[in-house]
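Now for the letters of each chain:
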Amino acid sequence: MGTSNGGSGLFLSISPLKALILHLICGFGLAPPFLAAHHIYSINLTTRPSQTLFLIWGFVAPVVILLFSHLRQDRKQCSYIQAVGRGFLGLLAGAIVNALGAIILGTPVSFEYFRKTLNWSLLMSSFTFVPVACAFGSSWTNWHNIFAETKAFSFVDCMIRLPAYGAVIGAWLGAWPMPLDWERPWQEWPICVTYGAMGGYLVGLVTSLVCIITCGRQQHLKGE
């Protein structure tokens, strides 16, 4: 923990094995709410998008908060419980930002879509804002490093940045079919956008893990 490597700009703040376990939990954590929605409530994103989204983020958000609170970088000033608390604050703040961004980009604003947009925004916040809030709190420097820099400064940066980028890019790509005149149920907001965000998030998890394992091996070889 904390082994520096000035040449690559990375330092080993988490082992590749721990990163693998965390990524697996986050990735497979999307499955239980889907299974519960289908087998227990007989709903899905197409038939009941708002309720299904509520089940997904209601399960994913606490899991992400509990996991990434263990990766908090300011352990002397912030306890685990405090990190969990700022994770929930990040969830709410991120939902507002994501909702405003979606509205600016053309999301319907009628009351009919309010719950859908709210639940989608909370899910997106779980993918993007929550991990940063848990790990780094309100540190502007760290937020800037995560979302504005092209170079990762730690393995935790990779674990947060790439899945978040994947979720945003996936949601953007998922929005493409919405304006097309196909008249398919899954084209309704925010169904295809949600599938795109989750797909992008999973791709980001895999990419992040590959980067961490690769850099970890390089650091191990240089250490020898």
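So, how was this worked out
Once a new chain begins, its residue numbering starts again from 1 and follows that chain's sequence as written. With the structure being a predicted model, the display of local features is reserved for residues of pLDDT at least 70 and the display and counting of side-chain atom pairs for 80 or more, all residues being used for whole-chain, interface and lining totals. Side-chain measures were taken over the full set of non-hydrogen atoms in the model, leaving aside hydrogen atoms and water. UniProt positions are given in the numbering used here, feature names are shortened, and annotations may be inferred rather than shown by experiment. Segments assigned H or I by DSSP are reported as helices when at least four residues long, segments assigned E as strands when at least two residues long, and all are numbered from the N terminus. What makes a nonpolar core is a set of buried Ala, Val, Leu, Ile, Met, Phe, Trp, Tyr and Cys residues whose side-chain atoms join them at distances within 4.5 Å. For each residue, the accessible area found with a 1.4 Å probe, counting protein chains only, is set against the maximum for its type, and the residue is called buried under 20%, exposed over 50%, and partly exposed in between. In this analysis, two residues are considered to be in contact whenever any of their non-hydrogen atoms come within 4.5 Å of each other. Geometry is summarised by axes, namely lines fitted to C-alpha atoms with helices restricted to the contacting stretch, and by angles between N-to-C directions that run from 0 to 180 degrees. Here roughly perpendicular refers to angles of 65 to 115 degrees, roughly parallel to angles under 35, roughly antiparallel to angles over 145, and oblique to all remaining angles. Stacked, tilted and edge-to-face are the three classes assigned to paired rings of Phe, Tyr and Trp, where Trp is represented by its six-membered ring and a pair needs centres within 6.5 Å; plane angles under 30 degrees give stacked, over 60 edge-to-face, the rest tilted.

A. Up close: the UniProt feature "transmembrane region" (unreviewed entry) in the chain. Residues given the UniProt feature "transmembrane region" (unreviewed entry) here are residues 20–41, 53–71, 83–106, 118–140, 152–173 and 193–215. Counted over residues 20–41, helix gives 82% and strand 0%. Its end C-alpha atoms are 32 Å apart. The annotated region residues 53–71 carries 84% helix and 0% strand content, and the separation between its end C-alpha atoms amounts to 27 Å.

B. Highlighting the nonpolar core. Counting residues in each nonpolar core, the largest one holds 53 residues, and the members touching the most others are Phe68, Trp120, Phe127, Met159, Ile160 and Tyr201. A per-element tally of this core places helix α5 (residues 111–136) first, with 13 residues. In this view, Met159 contacts Ile14, Ala19, Leu22, His23, Phe68, Leu71, Ser208 and Ile212; residues no more than four positions away in its chain are not counted.

C. Main features of the packing of helix α3 (residues 49–68) against α5. The contact between α3 and α5 brings their axes to 8 Å, and the two run at 10°. One way to sum up the angle between α3 and α5 is to call them roughly parallel. In this structure, α3 uses Pro49, Ser50, Gln51, Leu53, Phe54, Ile56, Trp57, Val60, Ala61, Val64, Ile65 and Phe68 to contact α5, whose residues at the interface are Arg115, Lys116, Asn119, Trp120, Leu122, Leu123, Ser126, Phe127, Val130, Pro131, Cys134 and Ala135.

D. Looking closely at the packing of aromatic side chains. Enumeration according to the criterion identifies six aromatic pairs in this entry. Three or more aromatic residues link up through ring pairs in this structure, and these residues are Phe129, Trp143 and Phe147.

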